[in-house]
Amino acid sequence: MPDVKNYSQNASENTGSVKPEGEAAPMLRVNNIYKNFGDLKVLKGVSAEIRRGEVVSIIGASGSGKSTLLRCMNLLETPTFGEVWMEGKLLTPVDPYLHFDVIRASATYRGLIDGGMSDEEAIDEIKSCDLLKEKHSAEGKEYRARMKAIKKENGIDVNLMRQKMGMVFQSFNLFANMTVLKNIMFAPVTIRTRQLRAAKRKNAWISFSNLFRKEKRELIPIGTTKEQIVAEAREQAMNLLTRIGLAEKADAYPSTLSGGQKQRIAIVRALAMNPDVMLFDEPTSALDPEMIGEVLDLMKMLAKTGMTMVVVTHEMGFAREVSDRVLFVDEGYIKEEGTPEQIFKNPKDPRLQDFLSKVL
Ligand SMILES: Nc1ncnc2c1ncn2[C@@H]1O[C@H](COP(=O)(O)OP(=O)(O)OP(=O)(O)O)[C@@H](O)[C@H]1O
Ligand SMILES: [Mg+2]
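Every value quoted in this text rests on a predicted model; they were computed, and no experiment measured them.

(A) Inspection of the packing of helix H7 (residues 180-210) against helix H9 (residues 259-271) at higher detail. Taken N-terminus to C-terminus, the directions of H7 and H9 make an angle of 30°; their axes are 8 Å apart at the nearest point. On the basis of the axis angle, H7 is roughly parallel to H9. Between H7 and H9 the crossing geometry is right-handed. Across the interface between the two elements, Val180, Asn183 and Ile184 from H7 touch Ile265, Val268 and Arg269 from H9. Counted by class, the contact of H7 with H9 contains four nonpolar, one polar and one charged residues.

(B) The arrangement of the confidence of the model for the chain in detail. The predicted model of the chain has a mean per-residue pLDDT of 91, with 94% of residues at 70 or higher. Predicted confidence is poor over residues 1-18, with pLDDT under 50, and the contacts of this stretch with residues over four places away or in other chains come to 54 contacts.

(C) Region of interest: the site of ligand 1. Lining the immediate environment of ligand 1, one finds 14 residues, of which Ser62, Gly63, Lys66, Ser67 and Thr68 sit closest. Here an oxygen atom of ligand 1 and a side-chain polar atom of serine 62 are 2.5 Å apart. Measuring from an oxygen atom of ligand 1, one finds a backbone N or O atom of glycine 63 at 2.7 Å. Listed by contribution, the elements that provide at least two residues to the shell around ligand 1 are strand S2 (40-50) and helix H1 (66-73). With three residues, H1 is the single largest residue contributor to the shell around ligand 1. Grouping the amino acids of the shell around ligand 1 by side-chain chemistry returns four nonpolar, seven polar and three charged.

(D) Representation of H9. The end-to-end C-alpha distance of H9, which contains 13 residues, comes to 18 Å, matching closely the 18 Å that a straight helix rising 1.5 Å per residue would cover. Burial runs high along H9: twelve of the 13 residues are buried. Along H9, the residues that are buried comprise Gly259, Gly260, Gln261, Gln263, Arg264, Ile265, Ala266, Ile267, Val268, Arg269, Ala270 and Leu271. Those residues of H9 that are buried are in contact with strand S6 (165-168), H7, helix H8 (226-243), strand S7 (277-281) and helix H10 (289-304).

(E) Structural context of the packing of aromatic side chains. Applying the stated criterion across every chain yields a total of five aromatic pairs. Their ring planes at 40° and their centres at 5.8 Å tell us that tryptophan 205 and phenylalanine 208 sit as a pair that is tilted. Here tryptophan 205 pairs with phenylalanine 208, and both are found in helix H7, just three residues apart, close to one helical turn. Owing to a relative accessible area of 52%, tryptophan 205 belongs among the exposed residues under this scheme. Ring geometry for phenylalanine 208 and phenylalanine 212: centres 5.4 Å apart, planes at 75°, overall edge-to-face. Ring-pair connections join several aromatic residues into one group, and the members of that group are Trp205, Phe208 and Phe212. Its end group placed over the ring of phenylalanine 175, arginine 269 keeps NZ or CZ at 5.0 Å from the ring centre.

Rules behind the numbers
Residues numbered from 1 in each chain as written. Chains lettered and ligands numbered in written order. Predicted model: local features only at pLDDT ≥ 70, side-chain atom pairs only at ≥ 80, totals over all residues. Heavy atoms only, no water. Axes fitted to C-alpha atoms, helices over the stretch in contact; angles between N-to-C directions. Helix = DSSP H or I, 4+ residues; strand = E, 2+ residues; numbered from the N terminus. Parallel < 35°, antiparallel > 145°, perpendicular 65-115°, else oblique. Left-handed = near helix turned anticlockwise from the far one by under 90°. Contact = heavy atoms within 4.5 Å. Nonpolar A, V, L, I, M, F, W, Y, C, P; charged D, E, K, R; others polar. pLDDT = per-residue confidence, 0-100. Near = heavy atom within 4 Å. Polar contact = N/O pair within 3.5 Å; in protein donor to acceptor, adjacent residues only side chain to side chain. Expected span 1.5 Å × (residues − 1). Buried < 20%, exposed > 50% of the residue type's maximum accessible area, 1.4 Å probe, protein only. Phe/Tyr/Trp six-rings, centres within 6.5 Å; stacked < 30°, edge-to-face > 60°. Lys NZ or Arg CZ within 6 Å of the ring centre and 35° of its normal.

What follows is the structure, given as structure tokens:
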């Protein structure tokens, strides 16, 4: 049973459109995310925006939902309700409760209005009691058409979009059976050769169908070969390794590296995909204390290059020093957010005050 009572918008303050527009669109936007695991309600209506070039830290007690929030951002978890937007594109299914024009097009809304409710009352009733039908078909043609239109206008190939998000985990997740160099080259080579194969297949089809056409279709220009793709990926991987001082480890296997080295390789591996945003889930928690510094230094360097970063972290020093903004997650909500100065020097929420008193 969805829990939509806490939706922050109410009918009077919003006309329904939540589409972030064009260039001004934030890098990432989560809009009223709920995540349930069975009966366990982990996120209970979380909204947040990550702007281009921002470094945002997510802090909070263990079990509060930080990782779940981060995993919802790149769809490693599918939110139960709510929407995730990236660069103005909708990555999740349309959540009708966030679009008042859609609610107004539903059979349920019309029923309530006919029964004498005002527009505002009807929308509030529908949201708080979760009245829109799960399968949506019962809500009528116009309702379904609007849902479809939103998806059509804003939706995108989710896999393509996810490639623009680099993810770094606490446990490194390097491929144990590949050398460092292969680890870094793997994703770019796989994806680019897949694209190359798809283009070749398409060209074969175009050439064939041109035999029967008067007006010939043009072939897709293919300016590369598999060998070139591999050579370029190797060069990029070596450049990245050189930048972090680990070029001599190119042919080593992960098991021979220290934790700090593994994590730096994991970061570089994510960077090899040229991501628009990097998501980190406690990248230093599995490290021995003496190795934390080298990983944080690399992350600081990355922040200085203007990379958009979202970092779940227990490193309060990092959150304070490097972030533009800090989100405090507690009991499934963002209880407080602000600049590091506001969060660490002048916390307002009692739970945040309590949390900081334990970790600082
Ligand atoms: N796949 C899952 N299935 C069931 N429950 C889950 C799943 N993932 C997370 N949870 C539960 O959701 C809650 C929040 O977990 P989450 O990992 O988001 O917390 P966290 O804030 O990242 O904690 P930590 O600081 O310990 O990493 C926990 O109670 C956890 O047990
Ligand atoms: Mg976690």
